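Architecture at a glance
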Amino acid sequence: MKHLIDPMDLSVEEIDDIIELALKIIENPAKYSEVCRGKKLATLFFEPSTRTRLSFEAAMMELGGNVLGFSSADSSSATKGESVADTVRVVGCYADIIAMRHPKEGAPMLGSIYSPVPIINAGDGGHNHPTQTLTDLLTIKREKGSLSNFTIGLCGDLKFGRTVHSLIKALSRYEGINFILISPDELKVPDYIITDVFEKNNIPYREVRTMEEVMGELDILYMTRVQKERFFNEADYIRLKDSYILDTKKMKQAKDDMIVLHPLPRVNEIDIKVDEDKRAAYFRQALNGKYVRMALMMTLMGVTV
Ligand code: CP
């Protein structure tokens, strides 16, 4: 039985297979509409979500299966003190696969030790978000045609942004990726990303403070929001929250074929006028999340066509 806790749990070949399957589903959704008949997905969300939970649920429905679960810790027996280990032992009696989001880093990993069914990490604290990474990779593949040989700028809250940490780890195994990290000093990527990912693998990276100095170099701009819920001090959040705002003026500095990605939700970091630009790919990215989660669940449950 395989779980997905960290993007590195999947080899490059396994990621490529999931992306290929997602592309086949996009081409012919009717062929897959009954493949999970009789299967159940449980969504255990101890932290809020719109895209991840609902796209998982839509994905299982579009495969012909059913869903059950909860959307906040308040409506589960966690409020009575039940542990994550006991929760997954019990839910594993009712479902064939579990998607779990939890504010504590490592909670889905702990769950995977006790679960009788595959566990998918749907986001754990500021740590990892591997299914967002699969979504990002499918989007890059569809928009740019390849997962190799480009310059990607990651902008905003690179310290707490779990989507950034997971995406860097996954992309570090592809050829010819040049990373530009755009953040204030207080929100730089954690040291382990620099030492264990970039330096250990001789991957080119640069840390810069402004978007303007690099806009013209980027093939992909990955915007992120400042993660209010991870700050200890509200004054720090208020000071940093508008560090970067992508607007139509900055888009004029970018290449004609650069794409803008954002895991969403957006707060203030992309002006809504940018939505009209064909290079704004973030809503197409949200749709890709459903297809790649269909492919992932089929893969982890061993469902073939
Ligand atoms: N991208 C993402 O994880 O969005 P949600 O928090 O709405 O699930």
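Our structure's up above, just so we're on the same page.
Everything numeric here is computed off the predicted structure, so don't read it as measured data. (Residues numbered from 1 in each chain as written. Predicted model: local features only at pLDDT ≥ 70, side-chain atom pairs only at ≥ 80, totals over all residues. Heavy atoms only, no water.)

The next point concerns the overall build of the protein. When helices and strands are counted, the protein shows ten helices and nine strands. If you line up the protein on its principal axes, its C-alpha atoms span 55 × 45 × 40 Å. Classification of the 305 residues of the protein by burial places 55% in the buried group. Of the contacts made within the protein by residues no fewer than 6 positions apart, 74% connect residues no fewer than 24 positions apart. A total of about 13,200 Å² of accessible surface is found on the protein, and carbon and sulfur atoms cover 50% of it. Charge centroids of the protein, computed over 39 positive and 44 negative side chains, lie 3 Å from each other. (Helix = DSSP H or I, 4+ residues; strand = E, 2+ residues; numbered from the N terminus. Buried < 20%, exposed > 50% of the residue type's maximum accessible area, 1.4 Å probe, protein only. Contact = heavy atoms within 4.5 Å. Areas by Shrake-Rupley, 256 points an atom, 1.4 Å probe, with all protein chains shown as cover. Lys, Arg positive; Asp, Glu negative; His and termini not counted. Charge placed at Lys NZ, Arg CZ, Asp CG, Glu CD.)

Summarising the sheet, strand β6 (residues 177-182) and strand β7 (residues 205-208) pair through four bridges and their orientation is parallel. Across the sheet, I180 pairs through a bridge with R206, a residue of β7. (Pairing = 2+ DSSP bridges.)

Taking strand neighbours across the sheet as the criterion, the four strands line up as β2-β1-β3-β4 in an open arrangement whose pairing is parallel. Since the sheet does not close on itself, it has two edges, and those belong to β2 (66-70) and β4 (119-124), each with one partner. In this sheet, adjacent strand axes meet at a mean angle of 15° when their direction is disregarded. Here strand β1 (residues 40-45) runs beside strand β3 (residues 97-102); their pairing, made up of five bridges, is parallel. Its bridge partner being in β3, F45 is matched across the sheet by R101. (Axes fitted to C-alpha atoms, helices over the stretch in contact; angles between N-to-C directions.)

Of all hydrophobic cores here, the largest spans 60 residues; its most connected members are I152, L154, I168, F179 and M297. At nine residues, helix α10 (residues 282-301) tops the list of elements feeding residues into this core. Each of domain 1 (7-128 + 289-301) and domain 2 (131-285) accounts for three or more of the residues forming this core. Not counting chain neighbours up to four residues away, the residues in contact with I168 comprise L154, F179, L181, V189, I193, V197 and F198. Listed in part, the 21 residues of the second largest apolar core include I180, M251, A254 and M258. (Core = buried A, V, L, I, M, F, W, Y, C linked by side-chain atoms within 4.5 Å. Domains from an automatic or database assignment.)

With that settled, the discussion passes to the side chain of T52. Among the structural elements, T52 can be located in helix α2 (residues 51-62). Classification of T52 as buried rests on a relative accessible area of 4%. Among the polar contacts made by the side chain of T52, one reaches the side chain of H129 at a distance of 3.5 Å. Leaving out residues up to four positions away in the same chain, T52 has contacts with F45, R101, A122, H129, T131 and R293. (Polar contact = N/O pair within 3.5 Å; in protein donor to acceptor, adjacent residues only side chain to side chain.)

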